[in-house]
Each structure stands twice: as structure tokens, then as C-alpha cells.
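# Structural overview
This is what each chain is made of:
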Amino acid sequence: MMTPWLHFSGGDYLIFETWMPESKGAIAGACIALVAFCILERWISALRRQMEIQWGALALILQTQRTSTDVQHVDDKAKDPSDGIDAIEEGSSSLPITPARVRSRQRLVPPFIPMHDITRGIFQAVQSLFSYTLMLAVMTFNASYIISIVVGLAIGEVLFGRIGRLNGGRV
């Protein structure tokens, strides 16, 4: 039976029906496993942040290349006299003729790149799985599990928190 208040006693199911630590050694082993699980969760989070930075840079490069090719095509069309538009004689105007440049608006949403976005979805699914698993461990109300989760998340953040942040996490 589940104890509905914070306690340090054993006998609570932890994630699986077969994982029900009852002795002090089994509870300690479960706590060590939870710490390792939390450190792994923070590593996955740091890896995702690093990938987001790389994907953003690549999307910016792709957008810049697309914009430069669009402007080049507009320049080619402006220089092509065979496009059916009557050419203006050079001496008829006092204004210099320059090729028209069309600038498109900057995109508010990055382009869909399947390799990036499907991987991002997989990262989100794995992070959600880890988060819900940790939530289930906390819902046992076993204080040793909760302390282990908090300590494991703190250790993981110390180890991996600076990875994937701009300027090493400094403003």
C-alpha cells in the first residue's frame, strides 16, 4: 500500500512492479540509480541545447544562401533585355539605371528541415519520457527518492549546464 506522506520506509513500487526496494540496501541502490538517471537526463538536455544552436546556425546559413540566390535571379532578370519589356534608351533619362533588388522579409519561423525537426521531436519525446519517469518516482512520496532526484539533477546541471548555452551560460 502506498503511504500518502513523505517517508523513508521501503515497499513502494519504483517505476516497475518488479522494482520494489524494501531493504535499506535496495533503497540505497534505487537512490543511486535515480541519481544516475537524473544525470543522464541533464546530459540529454545539454545535448539538445547544443544541437539547437547548431541547427539554428545551419538554418541561418541556408536562409542566407536562399536569399542571395533570389537576389541574383532578380538581378539576372533585370539585366536580360529579352524579357519582352521595351528597353529605355540611355540618353532619354537623366537617372542612372541600376538593377532592382528585391528583399524578402526575414522569416519569423525557421524553415522546416526534416533532419533537424524529426531529431528535435525525438529529443523531446526522450526528455518527456525521462521527466514523467522522474515524476512517477516522486509520486511514491519516498523522501530518499525525492532527495536523490534533486541531488542528481543538481549534479547533472553542474556537469552539463554550461553546454549548449551561448557564451558558456554567461550573459
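Only a predicted model underlies this, so the values are computations on that prediction, with no experimental measurement involved. Along each chain, the written sequence defines residue order, and numbers are assigned to residues from 1. Only residues with pLDDT of at least 70 get local features here, since the model is predicted, and only at 80 or more are side-chain atom pairs given and counted; chain-wide, interface and lining totals rely on the full set of residues. Only heavy atoms go into the side-chain values, all of them from the structure, while hydrogens and water stay out.

### Remarks on the overall build of the chain
Counting its secondary structure elements, the chain contains three helices and zero strands. Helix and strand definitions follow DSSP, with helices as H or I runs of at least four residues and strands as E runs of at least two, each counted in order from the N terminus. When its helices and strands are written in sequence order, the chain yields α-α-α. Taken across its 171 residues, the chain has 26% of its residues classed as buried. Contacts: residue pairs with any heavy atoms within 4.5 Å of one another. Taking all contacts inside the chain whose residues are at least 6 apart in sequence as the whole, residues at least 24 apart take part in 75%. All accessibility values rest on the Shrake-Rupley procedure with a 1.4 Å probe; residue burial counts only the protein chains present in the view. Here the chain has roughly 12500 Å² of accessible surface; of this, 66% comes from carbon and sulfur atoms. Throughout, exposure labels follow a simple rule: accessible area from a 1.4 Å probe, protein chains only, divided by the maximum for the residue type, with under 20% read as buried, over 50% as exposed, and the rest as partly exposed.

### Considerations on helix H3 (residues 143-160)
In an α-helix, one turn spans 3.6 residues, which is why side chains three or four residues apart end up on the same side. Under the convention used throughout, the expected extent of a helix is 1.5 Å for every residue step, that is, one less than its residue count. Along its 18 residues, H3 runs 25 Å from first to last C-alpha, staying within 8% of the 26 Å computed at 1.5 Å per residue. Among the residues making up H3, those that are buried are Ala-143, Ser-144, Tyr-145, Ser-148, Ile-149, Gly-152, Gly-156 and Phe-160.

### Structural notes on the packing of aromatic side chains
Pairing of aromatic side chains here covers Phe, Tyr and the six-membered ring of Trp, requires ring centres within 6.5 Å, and sorts the geometry by plane angle: under 30 degrees stacked, over 60 edge-to-face, intermediate tilted. Within the structure shown, the criterion is met by one aromatic pair. Note on Phe-37 and Phe-130: the rings are 4.5 Å apart at their centroids and 5° apart in plane angle, and the pair reads as stacked. A residue pair is termed long-range when its members are at least 10 positions apart, and Phe-37 in helix H1 (residues 24-79) and Phe-130 in helix H2 (residues 114-138) qualify at 93 residues. Looking at Phe-37, the relative accessible area reads 24%, which means it is partly exposed.

### Structural notes on H2
In this model, H2 (25 residues) spans 36 Å end to end at C-alpha, consistent with the 36 Å of a helix rising 1.5 Å per residue. What H2 keeps buried is the set His-116, Phe-123, Gln-127, Phe-130, Thr-133, Leu-134 and Ala-137.

### Thoughts on the confidence of the model for the chain
Caution is warranted with low-pLDDT regions, since their predicted coordinates should not be read in detail. pLDDT is defined as a per-residue confidence score from the predictor, taking values between 0 and 100. Confidence in the prediction of the chain, expressed as mean pLDDT, is 81, and 73% of residues score 70 or more. Within the chain, H3 carries the highest mean pLDDT (96), whereas H1 carries the lowest (83).

### Observations regarding the pattern of salt bridges
Salt-bridge detection follows one rule: a side-chain nitrogen of Lys or Arg within 4 Å of a carboxyl oxygen of Asp or Glu. In total, this model carries five salt bridges according to the counting rule given. Connected via shared salt-bridge partners are Arg-48, Glu-52, Asp-117 and Arg-120.

### Comments concerning unusual backbone geometry
Leaving glycine out, the prevailing phi sign among residues is negative, and the prevailing peptide bond configuration is trans. With a phi close to 70°, Ile-15 is a non-glycine residue in the positive phi region. Mapped onto the elements, Ile-15 comes out in the segment before H1. With relative accessibility at 35%, the residue Ile-15 sits in the partly exposed group. Even without being glycine, Phe-141 reaches a positive phi, approximately 65°. Along the chain, the position of Phe-141 falls in the loop between H2 and H3.

### Quick notes on the layout of surface pockets
Rolled over the atoms, a probe with the dimensions of a water molecule shows which regions are left empty. Space inside the second largest pocket adds up to approximately 190 Å³. Lining of the second largest pocket is provided by eleven residues; of these, Met-2, Asp-12, Tyr-13, Met-139 and Thr-140 occupy positions nearest its centre. Throughout, the ten residues Ala, Val, Leu, Ile, Met, Phe, Trp, Tyr, Cys and Pro are labelled nonpolar, Asp, Glu, Lys and Arg are labelled charged, and all others, Gly among them, are labelled polar. By residue class, the composition of the lining of the second largest pocket is eight nonpolar, two polar and one charged. Put plainly, a pocket is an open set of points on a 1 Å grid over the protein atoms alone with protein on both sides within 12 Å along at least five of seven lines, a cavity is a set where a 1.4 Å probe fits but cannot get out, and a lining residue has an atom within 4 Å of a point. Grid points are joined across faces, edges and corners, and a volume is the space filled by probe spheres set on the points.

### Structural notes on the side chain of His-116
Note that His-116 resides in helix H2. The class for His-116 is buried, based on a relative accessible area of 5%.

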